[in-house]
Amino acid sequence: KAGVTQTPRYLIKTRGQQVTLSCSPISGHRSVSWYQQTPGQGLQFLFEYFSETQRNKGNFPGRFSGRQFSNSRSEMNVSTLELGDSALYLCASSLASGSTGELFFGEGSRLTVL
Amino acid sequence: GENVEQHPSTLSVQEGDSAVIKCTYSDSASNYFPWYKQELGKGPQLIIDIRSNVGEKKDQRIAVTLNKTAKHFSLHITETQPEDSAVYFCAASRGGGSQGNLIFGKGTKLSVKP
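Here is a short report on the structure shown in this document. As the structure is a prediction and not an experimental result, all values here were calculated from the model.

## Examining the sheet that holds strand 1 (residues 5-7) of chain A
Residue and element names in this part refer to chain A. With antiparallel pairing, four strands are arranged side by side in an open sheet as 1-3-8-7. Each having just a single partner strand, strand 1 and strand 7 (64-68) make up the two edges of the open sheet. Pairs of neighbouring strands in the sheet enclose a mean axial angle of 15°, with direction left out of account. When strand 7 meets strand 8 (residues 74-78), the two strands line up antiparallel, connected through five bridges. Its bridge partner being in strand 8, G66 is matched across the sheet by M76.

## Observations concerning the pairing of strand 9 (residues 86-92) of chain B
Residue and element names in this part refer to chain B. The buried fraction of strand 9 amounts to six of the seven residues, a majority that puts the element mostly inside the structure. The sheet contact formed by strand 4 (residues 32-38) and strand 9 spans four bridges and is antiparallel. Paired with K37 across the two strands is Y88, which belongs to strand 9. Judged from the three bridges that link them, strand 9 and strand 11 (residues 108-113) form a sheet pairing that is antiparallel. Counted as the bridge partner of A86 is L110 from strand 11. For strand 9 and strand 10 (residues 103-104), the ladder comprises two bridges, and the chain directions are antiparallel. Counted as the bridge partner of A92 is I103 from strand 10.

## Describing the nonpolar core
In this structure, W35, F73 and L110 of chain B are the most contacted members of the largest nonpolar core, which totals 23 residues. Breaking this core down by element, the ones donating at least two residues are strand 2 (10-14), strand 3 (19-25), strand 4, strand 5 (45-51), strand 7 (62-67), strand 8 (72-77), strand 9 and strand 11 of chain B. Beyond its immediate sequence surroundings of up to four residues, F73 of chain B is in contact with I21, K22, C23, Y25, F33, W35, T65, L66, C90 and A91 of chain B. With 21 residues, the next largest nonpolar core counts L11, V32, Y89 and V113 of chain A among its residues.

## Digging into the sheet that holds strand 1 (residues 4-7) of chain B
Residues and elements named next belong to chain B. The five strands lie next to each other as 1-3-8-7-6, forming an open sheet whose pairing is antiparallel. Two strands in the sheet have a free side with no partner beyond their single neighbour: strand 1 and strand 6 (56-59). Each strand axis lies, on average, 15° off the axis of its neighbour in the sheet, ignoring direction.

## Structural notes on the interface of chain A and chain B
Interface size is often expressed as the accessible area that is lost when the parts come together. Contacts between chain A and chain B engage 27 residues on the former and 23 residues on the latter. In total, chain A and chain B occlude about 1900 Å² of area from one another, counting both sides; carbon and sulfur atoms represent 51% of this. When residues of chain A are sorted by the area they lose upon contact with chain B, L43, S99 and T100 of chain A head the list and together hold 32% of the total. Seen at the junction of chain A and chain B, the total is zero salt bridges. On the surface where chain A and chain B come into contact, there are two residue pairs in polar contact (both at pLDDT 80 or more). Listing elements by their share of the side of chain A that touches chain B, those giving two or more residues are strand 4 (31-38), strand 5 (42-50), strand 6 (53-57) and strand 9 (87-94) of chain A. Classifying every residue of the side of chain A that touches chain B gives eight nonpolar, 14 polar and five charged.

Rules used throughout
Residues numbered from 1 in each chain as written. Chains lettered and ligands numbered in written order. Predicted model: local features only at pLDDT ≥ 70, side-chain atom pairs only at ≥ 80, totals over all residues. Heavy atoms only, no water. Pairing = 2+ DSSP bridges. Helix = DSSP H or I, 4+ residues; strand = E, 2+ residues; numbered from the N terminus. Axes fitted to C-alpha atoms, helices over the stretch in contact; angles between N-to-C directions. Buried < 20%, exposed > 50% of the residue type's maximum accessible area, 1.4 Å probe, protein only. Core = buried A, V, L, I, M, F, W, Y, C linked by side-chain atoms within 4.5 Å. Contact = heavy atoms within 4.5 Å. Buried area = accessible area lost by both parts, 1.4 Å probe. Salt bridge = Lys/Arg side-chain N within 4 Å of Asp/Glu carboxyl O. Polar contact = N/O pair within 3.5 Å; in protein donor to acceptor, adjacent residues only side chain to side chain. Nonpolar A, V, L, I, M, F, W, Y, C, P; charged D, E, K, R; others polar.

Structure, rendered in structure tokens:
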């Protein structure tokens, strides 16, 4: 069974640009969550999608957005990139929405903003 | 909202020694406490979890203890091996229908020296 797949794995952007990251969850998983990981800050929740609907959003500016497609694949977009957006962006899938079940993480997309 | 504090941020042990990582949480309604292990270049992976109706759970060399009164829980790794070297994250959740209710600590980098 294939795991969570994130693309691209690495990317470099400049300030002001925008970026789109993609996540394909484990087959059958309907919930996809996104996290930002930076040194010293741990895993910061961005948002969760379930059945194409955003269930919750973390404390991030409106420049961060996402969506989920009917096949459960998800994308997140960051517009007007800032230096502080440099981070590892992790996607996690789970069978159902809810905060007491196992999360299956992808290997992440490492974004560097110059 | 929930706040999870994790200590220490870095931990170095000799192979064969034990390692203990401690977390405290602020929301007395939290009832689910997972631990994730993140190896270099990979996404976090669930290694053990505990729910508030038990005080201790073991799985081979790892164990988690929970003190609901003091609102803290700990990860214990015995007979450490070099492959235990990784970043470990604790988390806490009061349940509910969104992954946003799962709050992570900032992580502990464990180094096991052969």
